[in-house]
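# Structural features, examined
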Amino acid sequence: MDPNTHRGPEGYGEQGSPAEPPAPAFGGAQSGSTGLARVVRLVSGPYLVTVNPVDGSEIEPCPPGERPAAPGRLDPEERAAAARAAAPPLPPGPSGFAGHETALEERTEDTERLVRLLSRGRSVRVTGPSGSGRTRLLDAVATACADLAPDGVVRLSGYHHTSTDLLYALFAAVYRAPQHRPDRAEMLRMVAEIGAIVVLDDLEFGGAALDELLDATPECAFLIAATPDVAAPSAGSHLEEVFLGGIGRGACGRLLERAVDRPLTDDEESWAADLWFESEGLPLRFVQAAALLRQYDRLRAAPGALDDGYGLFPEDGQATADPAAEPAEQPAVPLPSLGEAAAPAPLLASRLTEAARETLRFAVALGGELPHQAHLPALTQDTHADAALGELLACGLITPAGSHYRLAATVQDQLTAAGYADGAPARAHTVAQHYAWWAGHPSVTPERAAAESDVALAAMGVLTGSRESGHASAAVLLARTAAPAFAAALHWSAWERSLRHGQEAARLAGEVAEEAYFHHELGVLALCTGSLDRARAELEASIGLRGVLSDRNGAVAGRRALALVTDRTRADSAAAATTALPQAASAASASRRAAPKEPAANPFDAASAPKLRKSRTEQTAQTLIARGASSTTATSVPAATDSGAGAGKGVRRVFGGARRNVVAAGAGALLAAVLGTVVTIGATGGDDTPNDKVNTEQTTDDSDGTDLPAEQPATDSSLPPTVPGTSRPGTAGQSDRPSPSPSGTAPSGSPSAPGTGSANPTAGPTEPTERPTSPTGRPTRPTHPPTEEPTDPTPTDEPTDSTPTGPTPSEEPTGKPSTQSPSQSASGPSAGSPSASGTSGTTPSGGTPSDGTATASGTESAPAT
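Chains are numbered independently. Their residues run from 1 in the order of the written sequence. Under the rules for a predicted model, residues below a pLDDT of 70 receive no local features and side-chain atom pairs below 80 are neither given nor counted, while totals for whole chains, interfaces and linings still include all residues. For the side-chain quantities, the full set of heavy atoms in the structure was used; hydrogens and water were omitted.

The working definition used for a salt bridge is a side-chain nitrogen of Lys or Arg within 4 Å of a carboxyl oxygen of Asp or Glu. The final tally for this structure, using the stated rule, is 25 salt bridges. We note a salt bridge from D297 to R262, for which the minimum N-O separation is 2.9 Å. Of this pair, D297 sits in helix α10 (residues 283-301) while R262 sits in the loop between α8 (249-260) and α9 (266-279), placing them 35 residues apart in sequence. One salt bridge in this structure joins R536 and D533, with 3.5 Å as the shortest N-O distance. Placement of both R536 and D533 in helix α23 (residues 532-548) is noted, with a separation of three residues, approximately one turn of the helix. The buried label goes to any residue with under 20% of its type's maximum accessible area, the exposed label to any with over 50%, and the partly exposed label to all in between, with areas taken from a 1.4 Å probe on protein chains only. Here R536 falls in the partly exposed class, since its relative accessible area comes to 23%. For D533, a relative accessible area of 62% corresponds to the exposed category. Members of the salt-bridge network, linked through shared partners, are E354, R357, E358, R361 and R427. Numbering of helices and strands runs from the N terminus; a helix is a DSSP stretch of H or I covering at least four residues, while a strand is a stretch of E covering at least two.

Dropping the structure here:
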């Protein structure tokens, strides 16, 4: 078969129309042609894509000089030519039009209603079962609405198409943009300006996808045809629903009479009535029944003729029937039974020519897709096989599907049950080899190859699923040849499907180089459509495979495309961040305006905070004094005030070595001044015991002054006696409450009780050992280090805060100096805490300090007043 004799979509029409001239070469080494491979350059959004059938596609940012002009609208003549090119081809010869051109029965009212709704700008969805005559109804409405919209009527097919495919198909039907596929944003902007009546047949989706299609075309009115099994439109789509059912019994009888061109006999009328009841009046079933009656008439008129539908070629050894013979003399032929009429495909096919039956076998092998009539002679090895299209169409066995034909509803199952699927993989292999040669021929344009995409894709699918030897390689060859043609024709859904089939077939066949090619092409396609993650995955897979094969050129092309993916990802991230910042700022501003205003801070609260802290410190100091702590113990409180009420938690060091915190220093100075004042007041305030009494497990109760029983010091006999003027190691102070002497005075050699004003046993009874001094605001260090270190070991059996021991309040005082363990001190200092370890106002040797400060054993002490 010479591919130059194949008429492309623009050549479909009358029989005998001249073949189109040879087109520029498009193919490559895989096609086996002698012509050079044609490289197609097209613009996709911001990219310039070079489709190379040999080495693979290349993609780069489109230079300014390569940017195409703005798309212009097609004039009415160009739109009409494009509509004829998109229509399915008409069968050759005068035969076969009886079934296809049958007039509509009982559809006048439906046609007028649809035209009326479309003229008001309303969109309509016609829902009906397969064989109800939806396509014929859409043809009649499209003819009546030709002059309603500015952009006329646009015929589209939803067969194996998505909403994105349909939007780009609508753009191509109205705008002139050769080798230019705008990005989605630009396409949506231009499609929104189209005002046309869009007739959409064989829609396969609904719901959100249909809403996307309708929202993108606000100036268009849609007439959509779908079967009941397709998803329904959403509630907000505002589509008018029209259900299309069967026709009446009388209409079915008239359809049969018009098809056979004679009145029906009584038996035929009864037969037609039974068929109408069984088929629910579907027009397709009566088109097939009319074909059965025509065959019935030919059998009665010419029993010796071939079952070719024409009666042109008598069988060998037989003569045609005498046309002068009377009808009564012809042998009686029974009418088909009701079962045969209900599933008429096998009976109809058995009375067709061998070329027509072989064509049906190829259609069954391809899943119902029928090759173009120009390919049938090469596939069936019959030079007259192109006439089989008219036979099949007249019998109602095939129906239009976009720009080609496919088997009618239920015909595939009927023929499969009759054995027409035997040898299907071998026939699919034959189709793949033929289309691989044809699609790569220099004279075949990408548009002509794209018109046969459904057949080529069906063959790829069958061979990919087949496990017979050589079938996977044939699928790889077909995909390798057809995919660049689909890309150049801007039929990108077919391009993607062919690449998917080719990649899977190459994996099964073990052709690593071809698998790397398909991964690379899928990455380029994903980059063009904006799927960056998928593009990165495909390109990385391609680079890895080509690295294994040491394909340097292919790896370089893959890395260039991958660099574009990276740049695009960064640009999108930056754009998203730039967009998100104003949105976040506006949202924060709105939330601030919506939030209730908080009352302003009370100045009294801020000013009174230091006073509250000072009051708290004074209360703690007074409590310690009231519980019998010495002035030295009181002066050690600043180091323990941060510990809070829980004395058992330890004391936090305010100053740590040479690193002095300015804030802590200020706080320490303030506390030192306050406590100095407290000590002075306590020293001259008399012997009255304050009412505030707390223990180590309690805090000062500001609400009431309830007296609690005082704890007595421990009198463990294992503790060594305390020598006056010295301090035992580990004693940081006195017990929580010392036992008072019977006379109310402190015993000799013991620390002075609060209010006595004497802390040194050698001092005079009226000479105070401590003088109030002005606080300096900073801590001071002792003038001389201690001259003597305590050597007494720390007792191991001292009671803890949680289990206090000692005499009860009812026990009599002993009159001896009381001692206590470090864990029973008022502030609970540890050995390393900056608290006093001796008696107030004395040095470790019993002397009186000259500077009036209480020194600590190896630690710092806050100044005392």
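To continue, consider the confidence of the model for the protein. As a general rule, the predicted coordinates of low-pLDDT regions are not to be interpreted in detail. For the protein, the mean per-residue pLDDT works out to 72, and 58% of the residues sit at or above 70. Per-residue pLDDT stays below 50 along residues 599-614; that stretch engages in one contact with residues further than four places along the chain or on separate chains. Per residue, pLDDT captures the predictor's confidence, and it can take any value from 0 to 100. In this description, contact between two residues means that some pair of their heavy atoms is separated by no more than 4.5 Å. Between residues 628-662, whose pLDDT stays under 50, and residues either more than four places distant or in other chains, the model counts 66 contacts.

Mapped onto the fold, L148 is located in the loop between α4 (134-144) and β6 (153-157). On the accessibility criterion, L148 (43% relative accessible area) is partly exposed. When the C-alpha positions of L148 and L118 are compared, they lie 8.5 Å apart, and in sequence the two are 30 residues distant.

Before going further, it helps to spend a moment on the packing of helix α20 (residues 471-488) against helix α22 (residues 512-529). The N-to-C vectors of α20 and α22 enclose an angle of 30°; their axes lie 11 Å apart at closest approach. On the basis of their axis angle, the class for α20 and α22 is roughly parallel. Crossing of α20 against α22: the hand is left-handed. On the side of α20, the interface is formed by V476, A479, R480 and P484, while α22 contributes E514, Y517 and F518. In this analysis an axis means a line fitted to C-alpha atoms, helices contributing only their contacting stretch, and an angle means the value between N-to-C directions, from 0 to 180 degrees. Note on angle classes: values under 35 degrees are labelled roughly parallel, values over 145 roughly antiparallel, values of 65 to 115 roughly perpendicular, and the remainder oblique. Crossings are sorted by hand: turned counterclockwise from the far helix by less than a right angle, the near helix makes the crossing left-handed, and turned clockwise it makes it right-handed.

The subject of this paragraph is the sheet that holds strand β13 (residues 398-401). At least two DSSP bridges between two strands are required for those strands to pair. Spatial strand order, β12-β14-β13: three strands in an open sheet with antiparallel pairing. Of all the strands in the sheet, just β12 (369-370) and β13 have a single pairing partner and so form its edges. Relative to strand β14 (residues 404-407), β12 runs antiparallel, the two being bridged by two bridges. Bridged to L370 within β14 is Y405.

We now examine the sheet that holds strand β9 (residues 197-201). Strand order in the open sheet formed by five strands is β6-β9-β10-β5-β11, with parallel pairing between adjacent strands. Each of the sheet's edge strands pairs with one partner strand only, and the pair in question is β6 and β11 (240-243). Across the sheet, the axes of successive neighbouring strands diverge by a mean angle of 15°, strand direction being ignored. Two elements, β6 and β9, share five bridges in a ladder whose sense is parallel. When the sheet's bridge partners are listed, V154 is paired in β9 with V198. Packed onto the sheet, α4 meets β5 (124-127), β6, β9 and β10 (221-226) and runs at close to 170° relative to β9.

Let's shift gears to a nonpolar patch on the surface. Like-charged residues are merged into a patch within 9 Å and nonpolar side chains (Val, Leu, Ile, Met, Phe, Trp, Tyr) within 5 Å, provided each residue has over 30% relative accessible area and no salt bridge. What sets the accessible areas is the Shrake-Rupley method with a 1.4 Å probe; for residues, cover comes only from the shown protein chains. A cluster of nonpolar side chains, namely V512, V548 and L549, defines an oily patch on the protein surface of about 240 Å² accessible area. Locating V548 in the fold gives a position in helix α23.

Ring pairs are drawn from Phe, Tyr and Trp, using the six-membered ring of Trp, whenever the two centres fall within 6.5 Å, and their geometry is named by plane angle: stacked under 30 degrees, edge-to-face over 60, tilted for the rest. Taken as a whole and judged by the stated rule, the model has four aromatic pairs. Taken together, a centroid distance of 5.4 Å and an interplanar angle of 65° make the contact between W492 and W495 edge-to-face. Separated by three residues within a single helix, W492 and W495 lie in helix α21 (residues 492-509), roughly one turn from each other. The ring of Y168 is capped by R181, whose NZ or CZ atom sits 3.7 Å from the centre of that ring. Looking at R480, its charged tip hangs above the ring of Y517, at a distance of 3.6 Å from the centre. Both a distance and an angle decide whether a charge sits over a ring: NZ of Lys or CZ of Arg must be within 6 Å of the ring centre and within 35 degrees of the ring normal.

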